Amino acid sequence: MAMSGGSDDGEPMMEMNTTPLIDVLLVLLIMFIITLPIPTHAVKVDLPQKSNPQTVDPVKNKIVINAAGVTLWNGQPVDDQTLAQFLEQSKSLDPEPELQFQPEPEARYEVVDRVLAVVKRSGVGKLGFVGNEQYRNDF
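Residues numbered from 1 in each chain as written. Predicted model: local features only at pLDDT ≥ 70, side-chain atom pairs only at ≥ 80, totals over all residues. Heavy atoms only, no water.

Student: Help me understand the pairing of strand β4 (residues 98-103), please; the structure alone is not making it clear to me.
Tutor: Successive side chains on a regular strand alternate, one facing one side of the sheet and the next facing the other. Of all six residues that make up β4, five are buried, and the element is covered over most of its length. Relative to β4, strand β1 (residues 60-65) runs parallel, the two sharing six bridges. If you follow K62 over to β4, its bridge partner there is Q100. When β4 meets strand β5 (residues 127-129), the two strands line up parallel, connected through three bridges. (Buried < 20%, exposed > 50% of the residue type's maximum accessible area, 1.4 Å probe, protein only. Helix = DSSP H or I, 4+ residues; strand = E, 2+ residues; numbered from the N terminus. Pairing = 2+ DSSP bridges.)

Student: Can you walk me through helix α3 (residues 109-122) in this structure?
Tutor: The first and last C-alpha atoms of α3 sit 20 Å apart over 14 residues, in line with the 20 Å expected at 1.5 Å per residue. Every buried residue of α3 is listed here: V111, V112, V115, V118, V119 and S122. The arc that holds every buried residue of α3, seen down its axis, measures 125°, which confines them to one face. Of the exposed residues in α3, those oriented more than 90 degrees away from the buried face are Y109, K120 and R121. Lining the buried residues of α3 we find β1, β2 (71-73), α2 (80-92), β4 and β5. (Expected span 1.5 Å × (residues − 1). Arc of directions from axis to C-beta. Contact = heavy atoms within 4.5 Å.)

Student: Looking at this structure, I do not really get the nonpolar core. What am I missing?
Tutor: Generally speaking, nonpolar side chains in soluble globular proteins are found buried as a group. By size, the foremost hydrophobic cluster in this structure holds 17 residues, and its most contacted members are I63, I65, W73, L83, L87, L99 and V115. At the level of secondary structure, the elements contributing two or more residues to this core comprise β1, α2, β4 and α3. When residues of this core are assigned to their parent elements, the largest contribution, five residues, is made by α3. Discounting chain neighbours no more than four positions away, the residues touching I65 are V70, T71, F101, Q102, P103, E104, A107, V111, V112 and V115. (Core = buried A, V, L, I, M, F, W, Y, C linked by side-chain atoms within 4.5 Å.)

Student: When you look at the environment of L93 in this model, what are you seeing that I'm missing?
Tutor: Structurally, L93 is set in the loop between α2 and β4. Residue classification places L93 among the partly exposed residues on the basis of a relative accessible area of 33%. Along the backbone, L93 and V59 are 34 residues apart, and their C-alpha atoms lie at a distance of 9.7 Å.

Student: Would you mind going over unusual backbone geometry with me for this structure?
Tutor: It is generally the case that most residues other than glycine have a negative phi and that most peptide bonds are trans. Omega for the peptide link from D94 to P95 comes to -5°, which places this bond in the cis form. You can see P95 is positioned in the loop between α2 and β4. Within the chain, N74 stands out as a residue other than glycine whose phi angle is a positive 50°.

Shown next as structure tokens:
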């Protein structure tokens, strides 16, 4: 099957118009790309879980407020929300562990008051103030 170039000389045209063919191939390529599922190349890796060294001791727990205003639960720094969670955990234990509260002498009263409010809201039954003897010579 030969294509004529429109001239009457009867010679076959040596070049074929490939523009429509390329257009059709590009449309098919785009349709193929669109219909492909998104590749999910996933590698299953067991990542180490964050260990929580701050735990609730079943016998006694200690809250210390240092001079910088940092609240420490059994020696580890905690925020008010985490402190409330630890207090709820300790309250749920049977028997309820003793909670020792020890602010350092240089600790700001506002921080001590805020932490005591968190302790009161939690409803802890066994609360002891530790280190009050450090204040006996102040008066």
